[in-house]
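Observations on chain architecture
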Amino acid sequence: MGNWLTARRPRRARVSHRRGHAAVLAGGMAVVLTAGLAGPAPATTAEPGGPRPTDCPESVGTKAACYTGRDGNGAYYTIAVPLNWNGSLVLHAHGGPDLGARSDPQRSVDDLDRWSVMVAEGYAWAGSSYRRGGYGTRMAAADTENLRKLFVREFKKPRKTYLHGQSWGGDVAAKAVETYGSRGGRPYDGALLTNGVLGGGSRGYDYRVDLRVVYQYYCQNHPRPSEPQYPLWSGLPKDSTMTGADLEARLQECTGLGSAPADRTARQERNLDDILAVTRIPERSLASHLKFATFTFRDIVDKRLGGRNPFSNKGVRYTGSHDDKALNAGVRRFSADPDAARDLSYDSDLTGKVTIPVLTLHAIDDPTAFVEHEAAYRASLRGAGRDRHLVQTFTREDEHSGLSAAEYASSLAALDTWVRKGRKPTPASVAASCPAFDATYGTGCFYDPRFVPGEYASRVRARPGGHSWPAMTAARERSWGRIPGVGIAP
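Quick look at the structure, then. Not measured: the values here are computed from a predicted model.

Scanning the protein from terminus to terminus reveals 18 helices and nine strands. Taking all 490 residues of the protein together, the buried fraction comes to 59%. Contacts in the protein between residues far apart in sequence, at least 24 positions, make up 76% of those at least 6 positions apart. For the protein, the accessible surface area stands at approximately 19,500 Å², while carbon and sulfur atoms represent 50% of it.

And the structure:
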């Protein structure tokens, strides 16, 4: 790999009195040649406002040169370039969304720490913290693309550029694939989507809508009868001071979730049984889903959609409780505002118009982004006639926020081989390659090459029209895109 870096003359600094990072690469070339390495030496200076050298996270250590900075839109970012750089770049899209008002400078540093395996495999890595907290899929995709351009400008154009998105970041990366991947020059060569929320926003949160109304039917404490009432689809009034700990206390009061089963009252046990059975949400992630349906719903409705409702449970029949008839008669019902539903769909739904290789990796027992999101994504690409660009793999893991390092490494290697050599992987071939990487990482290989998820509606109750995919066609996206102010503002 050293020949690639030494054969190309690094880009000259754009302004004579300032050394850009491309110039730093040139200045560090003697160091690289002396040390026999293929990556840039850590910079000693940085352009004002550009990437600044910083200590790498402990998991990266001295294997790379790390940089942080803030782009022109206010998004903090972190970059790592390994000393044995293979010439290719991974652009990471983080999950969440985080709900802080501003970009979080620590978020991208923590993400580099979490996915340092990609740097260990020789890839440069770059991750944005996005320009603000809160929901905004297209905004996050744009910030990721802005970081790619910044990397090319400040360092050099990578051989290959791959997107990686985890959780909601999977939706962000998939949106970037569709938005930028088909443009002239195709800035991205492939994408790895892991535990992704690939059902999009208009349908991907329906089970949390169901949780919100089912919880309130049984618990009647969110809000309490003595408190000001508000529509459940709004999550929480904008001026509410409720905290996550407050919500957990109410959940405990109603269900005894934090207590051992033997310590719950009969009423708590029955409430918990009914809520879990009806919503199909795992007990261990019930609190996190209820928080999303409270605090993130408030962000979506109040801050992003101007108080308009994008959610509906009209026509949904709830089953699995001790008394389904009473539940369906008593649960709160509402219909979405058409313009709000359109704006959320335009921002976050996927059309399936994929033109580059996409490899997905998903834990079968993911308690947060259910594995059936993968069925929705395949159906979207199939509906667009693009499923030839997709390979999906599944593992017998039960976590959402992180998977085995060996699996990330084997998945990235399979994607890279597909892009560079045209050898499309299969679930079996990716699984077979994993043990070689596990010899290095020792985190285990849990692939199940024969697993196929059920359709999305087998896990999440479909609303009328919710069985057809994609949720937003490319033609509808083009039509909506001509409407002034459509979507969610950055």
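Resuming the write-up.
Okay, the state of the cysteines next. Within the structure shown, the criterion is met by three disulfides. A disulfide bridge connects Cys434 with Cys445, and the sulfur atoms are separated by 2.1 Å. Between Cys434 and Cys445 the disulfide shows an S-S torsion of about -90°. By sign, it is left-handed. Note that Cys434 is positioned in helix α17 (residues 427–441) and Cys445 in the loop between α17 and α18 (474–481), a separation of 11 residues in sequence. Exposure remark for Cys434: the relative accessible area of 0% places this residue in the buried category.

The sheet built from nine strands is open, its strands ordered β1-β2-β3-β5-β4-β6-β7-β8-β9 with mixed pairing. Looking at the sheet topology across the chains shown, the edges are occupied by β1 (52–54) and β9 (390–395). Each strand of the sheet is rotated relative to its neighbour by a mean of 20°, with strand direction disregarded.

Turning our attention to the pairing of strand β6 (residues 161–166). By the criterion of burial, β6 is predominantly enclosed, with six of the six residues buried. Here five bridges tie strand β4 (residues 89–93) to β6, and the two strands are oriented parallel to one another. When the bridges of β6 are listed, Leu89 appears paired with Thr161. With five bridges joining them, β6 and strand β7 (residues 190–194) adopt parallel strand pairing. Looking across to β7, one finds that Tyr162 is bridged to Gly190.

Glancing now at the side chain of Arg461. Topologically, Arg461 is positioned in the loop between α17 and α18. The buried charged residue Arg461 lacks any salt bridge partner; its closest oppositely charged side chain belongs to Asp210, at an N-O distance of 5.1 Å. In terms of polar contacts, Arg461 uses its side chain to reach the backbone carbonyl oxygen of Val278, at 2.5 Å. A distance of 3.1 Å separates a polar atom in the side chain of Arg461 from the backbone oxygen of Arg317. The contacts of Arg461, once residues within four sequence positions are left out, are Asp206, Asp210, Val278, Arg280, Val316, Arg317, Tyr318 and Thr319.

Attention now goes to unusual backbone geometry. With omega at 0°, the peptide bond leading from Gly96 into Pro97 counts as cis. Following the sequence through the fold, Pro97 ends up in the loop between β4 and α4 (105–114). Of note, the bond from His222 into Pro223 is cis; its omega dihedral lies within 30 degrees of zero at 15°. Tracing the sequence through the fold places Pro223 in the loop between α9 (206–219) and α10 (244–255). A positive phi angle, close to 65°, is found at Ser167, a residue other than glycine.

Bringing helix α6 (residues 137–154) into the picture now. For an α-helix, the turn length of 3.6 residues means that residues three or four places apart are oriented alike. For α6, spanning 18 residues, the distance from its first C-alpha to its last is 26 Å, which sits close to the expected 26 Å at 1.5 Å a residue. Across the 18 residues that make up α6, a large majority, 15, are buried.

With that settled, the discussion passes to the packing of α9 against helix α11 (residues 266–279). Two elements in contact, α9 and α11, have axes whose closest approach is 10 Å; the angle formed by their N-to-C orientations is 160°. Taken as axis vectors, α9 and α11 run roughly antiparallel relative to one another. Handedness of the crossing formed by α9 with α11: right-handed. Facing α9, whose interface residues are Asp210, Leu211, Val214, Tyr215, Tyr218 and Cys219, α11 presents Asn271, Asp274, Ile275, Val278 and Thr279. Across the contact of α9 with α11, the residue classes tally to seven nonpolar, two polar and two charged.

This part covers helix α16 (residues 405–421). Here α16 contains 17 residues, and its C-alpha end-to-end distance of 24 Å stays within 8% of the 24 Å for a straight helix at 1.5 Å per residue. Counted residue by residue, α16 has 14 buried out of 17 residues, so it is predominantly covered. Residue Ser404 occupies the N-cap position of α16, its side-chain oxygen lying 3.3 Å from the main-chain nitrogen of Ala406.

Below, the discussion takes up the packing of aromatic side chains. Using the criterion set out here, one finds 15 aromatic pairs in the structure. Residues Trp115 and Tyr408 carry aromatic rings whose centres are separated by 6.4 Å and whose planes lie at 85° to one another, so their mutual orientation is edge-to-face. Note that Trp115 is positioned in the loop between α4 and α5 (117–120) and Tyr408 in helix α16, a separation of 293 residues in sequence. Here Trp115 and Tyr408 have matching classes, each one buried. An angle of 85° between the planes, with centres 4.9 Å apart, marks the rings of Tyr217 and Tyr218 as edge-to-face. Judged by relative accessible area, Tyr218 falls into the buried class, the value being 12%. Aromatic rings pair up to connect Tyr130, Tyr135, Trp168, Tyr205, Phe292, Phe297 and Phe311 into one cluster. The positively charged end of Arg148 is found above the aromatic ring belonging to Tyr188, 5.8 Å away from the centroid. One Lys or Arg, Arg208, reaches over the ring of Phe292 and ends 3.8 Å from the middle of that ring.

Analysis parameters
- Residues numbered from 1 in each chain as written.
- Predicted model: local features only at pLDDT ≥ 70, side-chain atom pairs only at ≥ 80, totals over all residues.
- Heavy atoms only, no water.
- Helix = DSSP H or I, 4+ residues; strand = E, 2+ residues; numbered from the N terminus.
- Buried < 20%, exposed > 50% of the residue type's maximum accessible area, 1.4 Å probe, protein only.
- Contact = heavy atoms within 4.5 Å.
- Areas by Shrake-Rupley, 256 points an atom, 1.4 Å probe, with all protein chains shown as cover.
- Disulfide = S-S within 2.5 Å.
- Pairing = 2+ DSSP bridges.
- Axes fitted to C-alpha atoms, helices over the stretch in contact; angles between N-to-C directions.
- Lys, Arg positive; Asp, Glu negative; His and termini not counted.
- Salt bridge = Lys/Arg side-chain N within 4 Å of Asp/Glu carboxyl O.
- Polar contact = N/O pair within 3.5 Å; in protein donor to acceptor, adjacent residues only side chain to side chain.
- Expected span 1.5 Å × (residues − 1).
- Parallel < 35°, antiparallel > 145°, perpendicular 65-115°, else oblique.
- Left-handed = near helix turned anticlockwise from the far one by under 90°.
- Nonpolar A, V, L, I, M, F, W, Y, C, P; charged D, E, K, R; others polar.
- Phe/Tyr/Trp six-rings, centres within 6.5 Å; stacked < 30°, edge-to-face > 60°.
- Lys NZ or Arg CZ within 6 Å of the ring centre and 35° of its normal.

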